Amino acid sequence: MSDRAAFRDNVVVVTGASAGIGAELARQLAAGGAWLALAARDADRLEAVAAECRSLGGRALAIPTDVAEEAQCRALVERAVAEFGRLDTLVNNAGIGMWARFDEITDLAVFERVMRVNYLGSVYCTHHALPHLKRSRGRIVGVSSLTGKTGVPTRSAYAASKHAMAGLFDSLRIELDGTGVTVTMIYPGFVATEIRERALGPDGTPLGAGNSPVREREVMTVEECARRIVAAAAARRREEVMTARARVGMWLKLVAPGAVDRIARRAIERGK
């Protein structure tokens, strides 16, 4: 059975589904026959993705949601269960980035905004989904980042939120042992999405189109990233670290942490 086929008739909530990794993940799951509850703030773009998913053979419901608001996360889960009768998989993908040196930040609200979306959004959605996931012996997927494994320059708020996600889900995995609910953490590197255009700068405003510091043509495609997420979730793997360089870095961090710092600095400077 293919990875996508593992999600046939599987009820999946995907946050951050209006663009980037979330939208492509929705399309790939829909092609496998998943039943999707798609969440994001942009209602028009979200409905466009849902329409694509329906054309690919899946069922899809667009539920405009700001995951930074607990009440909206609760409503998202309730609406999904009301529509499909159950919940099998939760993909915590919604996220916002930042790109600035800590000593250049002029609005510290950047930290609160990034933490509310990336970390608390995962807390809220998971808390309200968990009773349903226990009944279905389902899956929790957290889309983190390599910055959730090691800090990198210019990403302090983002790395802090992704470290928090890792701590949350690693702890939850242990608590859920024996319940049938599995937790899969995803650690992508640079992926060609719009997240860097929406990333917050030092004054708390988005960088905007054309200002990405990453060489977008030289990084992982969103299609490949989504394919690996589907495969890891289908197999209920503990985690998926998406680049060979990162896997080597995780080992190297144990024996030569200073070398990992230098690698992280070069990666940011080169933008790939």
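For the structure given in this document, a descriptive report is provided here. (Residues numbered from 1 in each chain as written. Predicted model: local features only at pLDDT ≥ 70, side-chain atom pairs only at ≥ 80, totals over all residues. Heavy atoms only, no water.)

### Things to note about the nonpolar core
Then, number 1: Judged by nonpolar contacts, the single largest core of 45 residues is most densely connected at L87, M98 and I140.
Then, number 2: Counting only elements with at least two residues in this core, the list comes to β1 (11-15), β2 (35-40), β3 (59-64), α3 (70-84), α4 (109-136), α5 (156-175) and β6 (182-187).
Then, number 3: With eight residues, the top contributor of residues to this core is α4.
Then, number 4: The contact partners of I140, leaving out residues within four places of it in the chain, are L90, N92, T126, L130, L133, F169, L172, L176, V181, T182, V183 and T184.
Then, number 5: Judged by nonpolar contacts, the second largest core, of 35 residues, contains A30, L46, A50 and V91. (Core = buried A, V, L, I, M, F, W, Y, C linked by side-chain atoms within 4.5 Å. Buried < 20%, exposed > 50% of the residue type's maximum accessible area, 1.4 Å probe, protein only. Helix = DSSP H or I, 4+ residues; strand = E, 2+ residues; numbered from the N terminus. Contact = heavy atoms within 4.5 Å.)

### Topic: the pairing of β6
Then, number 1: With six of six residues buried, β6 lies mostly within the body of the structure.
Then, number 2: A two-sided burial pattern is seen for β6, the buried positions comprising T182, T184 and I186 on one face and V183, M185 and Y187 on the other.
Then, number 3: This β-α-β element, strand β5 (residues 139-143) to α5 to β6, shows right-handed connectivity.
Then, number 4: Pairing geometry for β6 and strand β7 (residues 239-241), over three bridges, is parallel. (Right-handed = clockwise from strand over helix to strand, strands pointing away. Pairing = 2+ DSSP bridges.)

### Brief notes about the packing of aromatic side chains
Both the distance between ring centres and the angle between the ring planes are used here to describe each pair of aromatic rings.
Then, number 1: One pass over the structure, following the stated rule, counts two aromatic pairs.
Then, number 2: Between W35 and F84, the ring centres sit 5.9 Å apart and the planes meet at 35°, which makes this aromatic pair tilted. Taken together, the residues W35 in strand β2 and F84 in helix α3 connect sequence positions 49 residues apart. No difference in accessibility class separates W35 from F84, as the two residues are buried.
Then, number 3: Each ring, one from F102 and one from F111, has its centre 5.8 Å from the other, and the planes form 80°; the classification is edge-to-face.
Then, number 4: On the basis of relative accessible area, F102 is assigned to the exposed category, the value being 55%.
Then, number 5: Under the relative-accessibility criterion, F111 is labelled partly exposed at 25%.
Then, number 6: Looking at R59, its charged tip hangs above the ring of W35, at a distance of 4.4 Å from the centre.
Then, number 7: A cation over a ring is seen here: K149 above Y187, with NZ or CZ 4.6 Å from the ring centre. (Phe/Tyr/Trp six-rings, centres within 6.5 Å; stacked < 30°, edge-to-face > 60°. Lys NZ or Arg CZ within 6 Å of the ring centre and 35° of its normal.)

### Structural notes on helix α7 (residues 222-234)
Then, number 1: Given a rise of 1.5 Å per residue, 13 residues ought to cover 18 Å, and the 18 Å separating the end C-alpha atoms of α7 matches this to within 8%.
Then, number 2: Note on α7: the residue one or two positions beyond its end, R236, has a positive phi of about 55°. (Expected span 1.5 Å × (residues − 1).)

### Structural notes on the sheet that holds strand β4 (residues 89-92)
Then, number 1: Overall, parallel pairing links the seven strands, which are arranged β3-β2-β1-β4-β5-β6-β7 in an open sheet. Both outer strands of the open sheet, β3 and β7, are each paired with one neighbouring strand and no more. Taken over all neighbouring pairs, the strand axes of this sheet differ in orientation by 15° on average, direction set aside.
Then, number 2: Of the strand pairs in this sheet, β5 and β6 are connected by five bridges, and their pairing is parallel. Following the sheet pairing, V143 is matched in β6 by I186.
Then, number 3: Seen against the sheet, helix α2 (residues 43-55) touches β2 and β3 and runs at an angle of roughly 175° to β3.
Then, number 4: Sitting on the sheet, α5 touches β4, β5 and β6, and the angle it makes with β6 is about 155°. (Axes fitted to C-alpha atoms, helices over the stretch in contact; angles between N-to-C directions.)

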